[in-house]
Amino acid sequence: MAALAPAGPRDAASAALDELSLNFTYGAPGVGNGSLSGAWYRRNQIHLFGVLLAILGNLVISISLNIQKYSHLQLAQQEHPRPYFKSVLWWSGVLLMAVGETGNFAAYGFAPITLIAPLGCVSVTGSAIISVTFLKDNLRASDLLGMTLAFAGTYLLVNFAPNITQAISARTVQYYFVGWQFLIYVILEILIFCILLYFYKRKGMKHMVILLTLVALLASLTVISVKAVSGMITFSMTDKMQLTYPIFYIMFIIMIASCVFQVKFLNQATKLYNTTRVVPVNHIFFTISAIIAGIIFYQEFLGAAFLTVFIYLFGCFLSFLGVFLVTRNREKEHLQQSYIDFGNIPGKQMLDKIQPDSNSLSYGTLPDGSDSTNSQSGEKKEV
């Protein structure tokens, strides 16, 4: 009997291709692609579970952000406020944030990146709804329109996102990791990142677009590594142990490193610019980079029909527009009209507060010690 020859690189590549052919079942006949049929639900149960995890995770994140904001407001009203990290309420918000991010992390193990990443709009719209009831914020007409558009976009995303079924094993990740598509993508991304970093560090250009583009480039690596790590953990729990492969720890290191630097540049953007400008732009940049990463690395639109792709992109556009309308001018409503109070100035006695006129060249009027002061209209005002 002839001895079996050891498996070579060609055999390993063939095995990987065979495994991928079993994973990709996009466009199979009779599955009801792009329609909410009973067959579609049966076909996409695992994806819908990932969608549910992502939606619940984003809603929990919305609740956590509002709890942390409420704790800061409570501490600011105290006569001797203590540090926020000593507040039980603030730590409750942090704990909920961890729970929500865990749900998002797990969702990538059950559904494609191009389906999970755009669902971040749920966090923004959910935060607006919760802030109306919890923080007594005003509900504007643009909020209602934005929420409606975001929900319509989410419906289209869930219905027309790629419904491929992939078992993310270590062999699958290795095959994608050395593919020419991903290598070209990484080289281009590194070049763009270095150019932007040069303008940011050397030239001192800290424009919001530059900062958020750096965040988006790192986010693409984050979602690729997050799906790889989450998918291999899920595969280990349902089929065969994958955590002994070196690719798992390579992806884990990429995930942690990209998250750390991503948070660094995002914090820099929030320090320099208003949150109402950073949030919608960051959501758009992050979602676009995640979609591109899913298409290139995991080939999630392989075999998709043109109409399906078009409706999916239209759903993304609706969610982007909804996030913009919800966040537009929201911070300005919380700005209180300031005034100058001279009641505590030693040697001066004032009976009222002087309201400044921001449209005038003189921002408030100082008393001159006489029995009357000139108002900005030129009339005498008795003190």
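Here, the structure is the one placed above.
Just so it is clear, the model here is predicted, and its values are computed rather than measured. (Residues numbered from 1 in each chain as written. Predicted model: local features only at pLDDT ≥ 70, side-chain atom pairs only at ≥ 80, totals over all residues. Heavy atoms only, no water.)

*Asks:* Would you mind going over the layout of surface pockets with me for this structure?
*Replies:* Space left empty within the atom packing is revealed by a probe, the size of a water molecule, rolled over the atoms. When its volume is computed, the second largest pocket comes out at roughly 280 Å³. Along the walls of the second largest pocket sit 18 residues, with G109, F110, Q166, A167 and I168 positioned nearest its centre. Ranked by the residues each element gives to the lining of the second largest pocket, the list is headed by helix α10 (residues 208-238), at 5 residues. For the lining of the second largest pocket, the per-class residue count stands at 8 nonpolar, 7 polar and 3 charged. Both of domain 1 (44-164) and domain 2 (168-299) provide at least three residues apiece to the lining of the second largest pocket. (1 Å grid on protein atoms, 1.4 Å probe; cavity = no way out; pocket = protein on both sides within 12 Å on 5 of 7 lines; lining within 4 Å. Points joined across faces, edges and corners; volume = space filled by probe spheres on them. Helix = DSSP H or I, 4+ residues; strand = E, 2+ residues; numbered from the N terminus. Nonpolar A, V, L, I, M, F, W, Y, C, P; charged D, E, K, R; others polar. Domains from an automatic or database assignment.)

*Asks:* I'm lost on the packing of aromatic side chains in this one. Help?
*Replies:* The description of an aromatic ring pair uses the distance of the two centres, along with the angle that the planes make with each other. Summed over all chains, the structure comprises 15 aromatic pairs. Here the aromatic residues Y175, Y176, F177, F182, F297 and Y298 are joined through ring pairs into a cluster of three or more. Sitting over the ring of Y298, K227 keeps its end group 5.8 Å from the ring centre. (Phe/Tyr/Trp six-rings, centres within 6.5 Å; stacked < 30°, edge-to-face > 60°. Lys NZ or Arg CZ within 6 Å of the ring centre and 35° of its normal.)

*Asks:* Would you take a moment to explain the nonpolar core for this structure?
*Replies:* Within soluble globular proteins, side chains that are nonpolar generally end up buried alongside one another. Within the largest apolar cluster, 44 residues are counted, with the highest numbers of intra-cluster contacts made by V173, M251, F297, Y298 and Y312. Composition of this core by domain shows at least three residues from each of domain 1 (44-164) and domain 2 (168-299). Those residues within four positions of Y312 in sequence are excluded, and the remaining contacts are T114, P118, L157, F160, A161, I291 and F301. With 15 residues, the next largest nonpolar core counts F193, L214, F265 and V278 among its residues. (Core = buried A, V, L, I, M, F, W, Y, C linked by side-chain atoms within 4.5 Å. Buried < 20%, exposed > 50% of the residue type's maximum accessible area, 1.4 Å probe, protein only. Contact = heavy atoms within 4.5 Å.)

*Asks:* Help me out: how do you make sense of the state of the cysteines in this one?
*Replies:* Throughout this description, disulfide means a covalent bond between two cysteine sulfur atoms. In this structure the tally under the stated criterion is 0 disulfides. No disulfide involves C121; its sulfur sits 9.1 Å from the nearest other cysteine sulfur, which is in C316. (Disulfide = S-S within 2.5 Å.)

Function cannot be read off these values alone, since they describe shape.
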